[in-house]
Amino acid sequence: MEPSKDNISPDQLRWCHANRQARTRTKSIGALAEKVSLEVGRSASHEVAVFEAISAVVDDEFRRFCRYGGMSSGSVLILVNPADARYHSVLRTKWHLPLREHLERECRGTLIRRIRFELGTDGAAF
């Protein structure tokens with residue numbers, strides 16, 4: 001009887017045994033899913049905290065022209081309606097520093113590196 005191609009030689013078995021990954025290095029999918037779930041939950045709560053902090057301090061003019069664009073890598077995005085692009089630099093000049101200081105006081109534990117004002121219509125209204 002001829003050996004089949006599916007058989008593994010003793011040398012191949014020794015190599016697999018010598019090079020296998022230790023069980024302590026692997027993590028269960030449940031543990032990884034829980035970690036991701038916690039990070040997403042924390043991220044969402046930071047987003048809500050930043051949105052509420054901004055809403056509490058801005059005036060009606062800001063609410064009329066701007067929307068909350070979210071957070072990404074410590075950067076808060078404020079979207080200014082492109083139809084009102086002429087107010088872009090005025091709003092940025094007026095609100096950048098007060099918003100930065102307010103967010104540093106109100107959103108401790110949330111990394112906020114910068115506040116960006118860009119043209120756009122997506123996002124949540126204040």
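Heads up: these notes are all about the structure in this document. Note that the coordinates shown come from a computational prediction; the quantities given were computed from them, not determined experimentally.

Section: the packing of aromatic side chains
Piece 1. Tallied over the entire structure, the rule returns six aromatic pairs.
Piece 2. Relative to Phe126, the ring of Phe51 lies with its centre 5.4 Å away and its plane at 10°, an arrangement referred to as stacked. Of this pair, Phe51 sits in helix H2 (residues 29–57) while Phe126 sits in the segment after strand S4 (124–125); the two residues are 75 residues apart in sequence, bridging distant segments of the chain.
Piece 3. Classification of Phe126 by relative accessible area gives buried; the value is 15%.
Piece 4. Considering the side-chain rings of Phe62 and Phe117, the 6.4 Å spacing of their centres and the 90° angle between planes classify their relative orientation as edge-to-face. Taken together, the positions of Phe62 in helix H3 (residues 60–65) and Phe117 in strand S3 (residues 114–119) put the pair 55 residues apart, joining distant regions of the chain.
Piece 5. Among the residues examined, Phe62 registers a relative accessible area of 0% and is labelled buried.
Piece 6. Among the aromatic side chains, those forming a connected cluster through ring pairs are Phe51, Phe62, Tyr68, Trp95, Phe117 and Phe126.

Considering the sheet that holds S4
Piece 1. Pairing is mixed in the open sheet, where four strands are placed in the order S3-S2-S1-S4. Since the sheet does not close on itself, it has two edges, and those belong to S3 and S4, each with one partner.
Piece 2. Pairing between strand S1 (residues 66–72) and strand S2 (residues 75–80): six bridges, direction antiparallel. Residue pairing across strands places Gly70 opposite Leu77, the latter belonging to S2.
Piece 3. Across the sheet, helix H4 (residues 88–106) touches S1, S2 and S3, and the angle it forms with S3 is around 155°.

Here is what the cut-offs are and how they apply
Residues numbered from 1 in each chain as written. Predicted model: local features only at pLDDT ≥ 70, side-chain atom pairs only at ≥ 80, totals over all residues. Heavy atoms only, no water. Phe/Tyr/Trp six-rings, centres within 6.5 Å; stacked < 30°, edge-to-face > 60°. Helix = DSSP H or I, 4+ residues; strand = E, 2+ residues; numbered from the N terminus. Buried < 20%, exposed > 50% of the residue type's maximum accessible area, 1.4 Å probe, protein only. Pairing = 2+ DSSP bridges. Contact = heavy atoms within 4.5 Å. Axes fitted to C-alpha atoms, helices over the stretch in contact; angles between N-to-C directions.

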